[in-house]
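One letter stands for each residue in the lines below.
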Amino acid sequence: MKIKNLLKIVCISGAFILGSCSSDDDSTTEVAAPPTYVFERNNESSVSFGGQTTRIAMAEEIVSKLKDNTSTEAILDAMFAHVEGANDFLDASLNASDKSVRSKTAASRDYFSDNATDAAAIKDKFDSWIKSQVDDVFPSWTTDASAGVAGVLQEAGGGSKRYVNAKGLELNQAFAKSLIGALMTDQALNNYLGTLVLDEASNVANNDNGVVAEGKPYTTMEHKWDEAYGYLYGASQDKTDPNKTIGQDDSFLNKYIGRVEGDSDFAGIAKEIFDAFKLGRAAIVAKRYDVRDAQAAIIREKISQVIAIRAVYYLQQGKNALEASTVDYASAFHDLSEGFGFVYSLQFTRKPQGNVPYLTRTEVQGLIDQLMGGTNGFWDVTPATLQSISETIASKFSFTVAQAGS
Amino acid sequence: MKKSLFLVLVALFFIAGCSSSDDSNDTGGITDNFDRKALLTNIADNIVIPSYESFSTDISALKTATSTFITTTDAANLVVLRNAWIKAYTSWQSVSMFEIGKAEELSLRNFMNVYPVTVAEIETNITSGTYDFTSVTKQDEQGFGALDYLLNGLSGTDTGIVEFYTTNANAAGYKKYLSDLVNRMSDLTDQVLNDWKGSYRGTFISNSGSSATSSLDKLTNDFIFHYEKHLRAAKIGIPAGVFSGSPLDTTVEAFYKGDISKALFDANLNTLQDFFNGKHFGSTTTGESLKTYLDFLNTIKNGEDLSTLINNQFNTARTKASSLDDNFSSQVRTNNSLMTQTYDELQKNVVFLKVDMLSAMSIRVDFVDADGD
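Quick notes on the rules
- Residues numbered from 1 in each chain as written.
- Chains lettered and ligands numbered in written order.
- Predicted model: local features only at pLDDT ≥ 70, side-chain atom pairs only at ≥ 80, totals over all residues.
- Heavy atoms only, no water.
- Helix = DSSP H or I, 4+ residues; strand = E, 2+ residues; numbered from the N terminus.
- Rg over C-alpha atoms; globule rule 2.2 N^0.38 Å.
- Areas by Shrake-Rupley, 256 points an atom, 1.4 Å probe, with all protein chains shown as cover.
- Buried < 20%, exposed > 50% of the residue type's maximum accessible area, 1.4 Å probe, protein only.
- Contact = heavy atoms within 4.5 Å.
- Pairing = 2+ DSSP bridges.
- Salt bridge = Lys/Arg side-chain N within 4 Å of Asp/Glu carboxyl O.
- Patch = residues over 30% accessible without salt bridge, like charges linked within 9 Å, V, L, I, M, F, W, Y side chains within 5 Å.
- Core = buried A, V, L, I, M, F, W, Y, C linked by side-chain atoms within 4.5 Å.
- pLDDT = per-residue confidence, 0-100.
- Phe/Tyr/Trp six-rings, centres within 6.5 Å; stacked < 30°, edge-to-face > 60°.
- Lys NZ or Arg CZ within 6 Å of the ring centre and 35° of its normal.
- Axes fitted to C-alpha atoms, helices over the stretch in contact; angles between N-to-C directions.
- Parallel < 35°, antiparallel > 145°, perpendicular 65-115°, else oblique.
- Left-handed = near helix turned anticlockwise from the far one by under 90°.
- Nonpolar A, V, L, I, M, F, W, Y, C, P; charged D, E, K, R; others polar.
- Expected span 1.5 Å × (residues − 1).
- Polar contact = N/O pair within 3.5 Å; in protein donor to acceptor, adjacent residues only side chain to side chain.

J.: Give me the overall build of chain B: which residues, what numbers.
T.: On a plain count of helices and strands, chain B comes out with 15 helices and two strands. For chain B, the C-alpha radius of gyration of 23 Å lies close to 21 Å, the compact-globule estimate for 373 residues. Along the first, second and third principal axes, the C-alpha set of chain B runs to 90 × 45 × 40 Å. Element-wise, carbon and sulfur atoms account for 54% of the exposed surface of chain B, whose accessible area totals about 15500 Å².

Structure representation (C-alpha cells):
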C-alpha cells in the first residue's frame with residue numbers, strides 16, 4: 001500500500017516536472033513562488049487577513065468559556081454571535097470588532113449559498129451544544145459520570161478531568177473540533193478558494209489590470225486568497241513563514257496540521273500546503289489563474305486529509321483505550337469526543353475536483369449515528385464499530401487506518 | 001533528461017528504503033543471535049520475582065502495623081506504622097518499573113503511587129464512607145500518596161494526627177479509610193506476585209522473539225518509559241518546574257513526610273541502573289541484561305562502548321543528585337537550579353537509551369507523548 005502510494009506520488013511528480021519542463025519551451029511565463037508569504041505593491045504589503053485572526057481569537061475564547069461552569073447560555077450565545085461593541089470577550093479588541101464566529105459557521109459560498117436549510121441546521125447544532133453544556137453538564141460538574149449520567153471523569157494517574165454529557169460526549173470538544181470543519185475549513189476551501197468568490201463580479205478584470213480595492217493595497221482577488229490563508233495561519237507567530245511554529249499557534253486548523261505533520265507517515269504535508277498557498281498567491285499576481293486553481297486543488301486535498309486523518313486517529317485512540325484491560329474512560333471518551341468533532345467536520349471537506357466533500361452530510365450523519373447511536377452513546381460503542389467507522393473514512397482517502405492511527 | 005533519470009533513481013531509493021523497513025516491522029524476525037531467552041530468564045528469576053517477593057513482605061508488614069495502629073491507636077504505633085510505610089514505599093521503587101503482565105493489566109503503578117493526591121476528594125471519601133478504589137478516576141485518592149497524607153499530613157504533630165483516629169467525630173471513618181487503602185495495596189500486590197510465580201513466568205520467558213509484543217521489546221519500552229516519565233519527570237522535572245515554567249513544591253513524592261523524597265528517588269535510580277546491568281536483587285552478581293546485549297552487539301558511540309556511556313551517565317546523575325536536600329520540596333524552594341541540573345543529567349541518558357540503545361537492538365518505541373489537550 002505504502003509503495004503503491006509512493007509510486008503514484010513519484011509518477012505524478014515526475015509527470016509534473018516533465019510537464020513544467022515542456023511548458024518552459026512554450027512562451028508562457030513560469031510562476032515562481034517567493035520563499036515566504038510576502039507580497040507587496042508599491043513597497044507596501046498587499047497581504048491582509050485581520051478578520052480571520054480575529055475570528056480564531058474569538059473561537060479560542062468561546063472554547064475556553066465552554067469549560068467555565070459559572071458561565072450562562074446567554075453569555076456563551078453572545079460570544080458565539082458577537083455584535084460590534086458588545087462586551088463579550090476578555091480581549092477588548094475583539095469586543096470592538098464587527099466580526100462574529102456564528103455568522104461564518106457553515107456559510108461558504110460553494111456549499112451553503114443555495115442550501116440555507118443545512119446551514120441553519122448546522123448553526124442550530126452548535127447552539128444546541130452550548131445549551132446542553134449549560135443545562136446538562138454544568139449542573140453535574142461534580143457528579144461522577146456513568147452510563148446515562150452526565151458528570152465528570154478523571155483520567156488515569158490523577159490526570160485531567162473531563163466533563164461529559166449523559167452519552168459520554170464532551171460537548172466543548174464536539175464544539176471546538178466541529179468548528180474546525182464548519183468555520184476554518186468551510187470558509188477556506190469552499191468560500192475563499194472557490195472561483196465563485198475569487199472571480200466574482202469584476203475581480204478578474206481588476207486583477208488583470210492591477211485595479212486595487214478601494215483605498216486598499218490589494219486587488220480583491222488577492223485579498224480573498226489571503227483570507228483563506230488566514231484561517232490556517234492567522235494566529236501564527238510569523239505570519240509570513242508560519243511553518244516554523246506550525247501546530248503551536250491556535251487550537252484549530254493550525255494545530256492539527258502540526259499534529260499530522262508530526263506523524264512520520266504524513267511528514268511534509270505542512271510544507272505542501274504552505275507552498276501551494278504561496279504559489280497560488282504568486283499566480284494571482286502573475287495573472288495565471290490556471291496555476292492558481294491547481295494550487296487551490298492541492299490545498300483542498302491536503303486540508304481534507306488533515307481532517308480525515310485526525311478523525312481516524314482519535315477513533316483509533318479511543319478504540320485502543322476501550323480495549324485496555326483497565327479502561328480509562330475519561331481518556332477514551334476524550335479521544336472519542338475529539339474524534340466526534342473531526343467526523344462532523346468531514347462534511348466540510350472538499351475534493352480537488354468538483355463541488356463535493358469527501359463524505360456527504362448524509363454519510364457523516366450515518367457515521368455519527370453509529371458512534372453515538374446506542375442508548376448511552378460512547379458507553380455503548382464497541383471497538384468493532386470504531387474500527388468500521390475508521391475504515392469507512394480511510395477508504396474515501398489515500399491513507400490507511402494504520403497510517404492515521406498511530 | 002538527466003533530471004528524470006535522477007528522479008527515477010530517487011524513486012528506486014525510496015522504494016528500497018520503504019520495503020526494507022516494512023519487512024522488519026511485519027515479520028518481527030530475530031535480527032541477531034543474542035540469547036534473549038537467557039536474558040528474560042535472568043530478569044524473571046533474579047530480578048523481578050525476588051523484588052516482588054521482598055516488596056510483598058514489606059506490604060505484609062505494613063498491613064500488620066496498620067492493624068496494630070487501628071487496635072491500639074497511639075503515637076508510638078503511629079511511628080511504627082509510618083516506618084513500615086517508608087520501608088514499603090522504598091521497596092516499591094524496586095518493582096514500579098515492571099508494568100508488564102498482571103501489573104500492566106491492573107494498571108498497578110497508577111493505583112499504587114499517583115502523586116500529588118487530591119486531599120479534598122480523600123476527605124470526601126472519608127466523610128461519605130463510600131468509594132470505589134477500582135475506578136480509574138480514584139487513582140489520586142489511594143496508594144502510597146494517600147497514606148502519606150493520612151500518616152503525615154493530617155496535622156503538624158503526631159499527637160494531632162492520632163486525634164483524627166481517636167477523638168475526631170469521624171475517627172471510625174479515618175480508620176476505615178486507612179485500612180481499606182492498605183488492604184487494596186496488599187490485594188494488588190498479591191495478584192501480581194502470584195501471577196509471576198504461577199503461569200506468567202513461563203509466558204514471559206517463552207515470548208522471546210523480537211516483535212513489538214515480545215517480552216524484551218515491551219519490557220525495554222517499559223524501562224525507558226518509567227525512566228522518562230516516572231523518574232526524570234515525576235520525581236525531578238515536575239517539582240523543578242521544567243514543564244510548567246516555575247517550581248511546584250507540592251508535587252514531590254511523599255510531600256507530607258517531606259524528608260524522604262530523595263531516598264525514594266535514589267532507590268528508583270538504583271533499580272533502573274541495576275536492571276540495565278542485570279544485577280540480581282539483593283546481590284552484587286550480574287547476569288544477562290540490556291548491558292550484555294549491547295556489548296554483544298558491540299555498540300560503539302563516539303568511540304566508546306554505549307553501555308559504558310549509559311552507566312557513566314547513571315553515575316553522573318547520581319552524583320549530581322547527591323547534593324540535593326533530603327526534602328525535594330524544600331530543595332525547589334531554596335535552590336531549584338540543583339534540581340534542574342539533576343534533571344539535565346537524567347535527560348542525557350534518555351538519548352542514549354531511547355535513541356542509541358533501541359536502535360542498536362532494533363526495538364521500536366511503543367509510547368508517544370500524550371496529546372496534551
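J.: Can you lay out the overall build of chain A for me, pointing to particular residues and giving the numbers?
T.: Of the regular secondary structure elements, chain A holds 17 helices and four strands. The globule rule puts the C-alpha radius of gyration for 406 residues at 22 Å, and the 22 Å found for chain A is close to it. If you line up chain A on its principal axes, its C-alpha atoms span 70 × 55 × 40 Å. The 406 residues of chain A split such that 53% are buried. The contacts of chain A with a sequence gap of at least 6 include a subset with a gap of at least 24, amounting to 68%.

J.: Tell me about the pairing of strand 3 (residues 151-154) of chain A, and please be specific about residues and values.
T.: Residue and element names in this part refer to chain A. Relative to strand 4 (residues 161-164), strand 3 runs antiparallel, the two sharing four bridges. Paired with Q154 across the bridge in strand 4 is K161. The turn linking strand 3 back onto strand 4 is made up of six residues, and G157 within it adopts a positive phi angle of 70 degrees.

J.: Could you give me a rundown of the pattern of salt bridges, with the residues and numbers involved?
T.: Two side chains that carry opposite charge are able to pair once their charged atoms sit near each other. All names here are of chain A. Taken as a whole and judged by the stated rule, the model has 42 salt bridges over all chains. K396 is paired through a salt bridge with E363; the nearest N and O atoms lie 3.0 Å apart. In this pair, K396 is assigned in the loop between helix 16 (383-395) and helix 17 (401-405) and E363 in helix 15 (residues 361-372), connecting sequence segments 33 residues apart. Judged by its relative accessible area of 32%, E363 falls in the partly exposed class. It is possible to trace a salt-bridge network through shared partners that takes in R41, E222, D226 and R281.

J.: Could you give an account of unusual backbone geometry, with specific residues and numbers?
T.: For residues other than glycine, phi is negative in most cases, and the peptide bonds are mostly trans. A cis geometry characterises the amide bond from Y115 of chain B onward to P116 of chain B, with omega recorded as 0 degrees. Of note, P116 of chain B is situated in the loop between helix 5 (108-112) and helix 6 (119-128).

J.: So what's going on with the environment of F340 of chain A? Residues and values would help.
T.: Residues and elements named next belong to chain A. Checked against the element boundaries, F340 lands in helix 14 (residues 329-345). Distance in space between the C-alpha atoms of F340 and L367 is 9.3 Å, their sequence separation being 27 residues. Each residue touching F340, except ones within four places of it in the same chain, is listed here: W129, L169, A174, I368, L371, M372 and F378.

J.: Kindly report on a nonpolar patch on the surface, identifying the contributing residues and their values.
T.: Residues and elements named next belong to chain B. The grouping of I238, V242, F243 and L248 at the surface amounts to a nonpolar patch, some 300 Å² of accessible area in total. Within the secondary structure layout, F243 lies in the loop between helix 10 (215-237) and helix 11 (261-277). On the basis of relative accessible area, F243 is assigned to the partly exposed category, the value being 48%.

J.: Tell me about the nonpolar core, and name the residues and values.
T.: Within the largest apolar cluster, 118 residues are counted, with the highest numbers of intra-cluster contacts made by F175, F277 and I393 of chain A. It is helix 13 (residues 289-323) of chain A that contributes the most residues to this core, 16 residues altogether. Setting aside residues up to four positions removed in sequence, F175 of chain A forms contacts with I62, V63, L66, F80, F126, W129 and I130 of chain A. One finds A44, L147, I205 and A254 of chain B within the second-largest nonpolar core, a separate group that totals 101 residues.

J.: Summarise the confidence of the model for chain B; cite the residues concerned and give the values.
T.: Per-residue pLDDT for chain B averages 91, and the proportion of residues at 70 or more is 90%. For residues 1-29 of chain B, every residue scores under 50 in pLDDT, and the model assigns this stretch 17 contacts once sequence neighbours within four places are set aside.

J.: Describe the packing of aromatic side chains, and please don't skip the residues or the numbers.
T.: All chains considered together, the criterion is met by 56 aromatic pairs over all chains. Arranged with centres 3.6 Å apart and planes meeting at 10 degrees, the rings of Y37 of chain A and Y229 of chain A form a pair that is stacked. You can see Y37 of chain A sitting in the loop between helix 1 (2-25) and strand 1 (40-41) and its partner Y229 of chain A sitting in helix 10 (residues 220-233), a full 192 residues away along the chain. We classify Y229 of chain A as buried; its relative accessible area is 0%. One aromatic cluster is present, formed by F80, Y111, F112, F126, W129, F175, F340, Y344 and F348 of chain A through successive ring pairs. Here R310 of chain A stacks its cationic end above the ring of Y313 of chain A, 4.2 Å away from the centre of that ring. Just above the ring of F111 of chain B sits the side chain of R184 of chain B; from NZ or CZ to the centre is 4.5 Å.

J.: Give a description of the side chain of N277 of chain B that names residues and reports values.
T.: Here N277 of chain B lies in helix 11. If we ignore the near neighbours within four places in the chain, the residues touching N277 of chain B are T286, G287, S289, K291 and N311 of chain B.

J.: Outline the packing of helix 7 (residues 171-192) of chain A against helix 10 of chain A, listing residues and values.
T.: All names here are of chain A. Following both chains from N to C, one finds helix 7 and helix 10 inclined at 160 degrees, their axes separated by 9 Å at the closest point. One element, helix 7, and the other, helix 10, form an angle in the roughly antiparallel class. The handedness of the crossing between helix 7 and helix 10 is left-handed. Contact residues: helix 7 offers L183, M184, Q187, A188 and Y192, while helix 10 offers K224, E227, A228, Y231 and L232. Of the residues belonging to the contact of helix 7 with helix 10, the class tally is seven nonpolar, one polar and two charged.

J.: Can you break down the environment of F328 of chain B residue by residue, with the values?
T.: Residue and element names in this part refer to chain B. Within the secondary structure, F328 is located in helix 14 (residues 328-334). Among the residues examined, F328 registers a relative accessible area of 1% and is labelled buried. Placed 54 residues apart in sequence, F328 and D274 show a C-alpha to C-alpha distance of 24 Å. Those residues in contact with F328, other than ones at most four positions away along the chain, are K235, I236, V252, G258, S261, K262, F265 and M339.

J.: Explain helix 6 (residues 116-137) of chain A to me, using residue names and the numbers behind them.
T.: Residues and elements named next belong to chain A. Compared with the 32 Å implied by 1.5 Å per residue over 22 residues, the 30 Å span of helix 6 between its first and last C-alpha is a close match. Taken as a whole, helix 6 has its buried residues at A119, I122, K123, F126, D127, W129, I130, S132, Q133, V134 and V137. Buried-residue contacts for helix 6 involve helix 3 (73-80), helix 5 (109-112), strand 4, helix 7, helix 14 and helix 15.

J.: Describe in detail the environment of S345 of chain A, supporting the description with residues and values.
T.: Residue and element names in this part refer to chain A. Positionally, S345 belongs in helix 14. In this structure S345 comes out as buried when scored by relative accessible area, which is 0%. Separated by 47 residues in sequence, S345 and I298 have C-alpha atoms that sit 19 Å apart. In this view, S345 contacts K177, S178, I180, G181 and I307; residues no more than four positions away in its chain are not counted. Looking at S345, its side chain comes within polar contact range of the main-chain oxygen of S178, at 3.4 Å.

J.: Which residues make up the confidence of the model for chain A, and what values go with them?
T.: Segments scoring low in pLDDT should not have their predicted coordinates read at a detailed level. Model confidence for chain A is summarised by a mean pLDDT of 93, while 93% of its residues fall at 70 or above. Low pLDDT (under 50) marks residues 6-27 of chain A, which in the prediction has 13 contacts with non-local residues, meaning those over four places away or in another chain.

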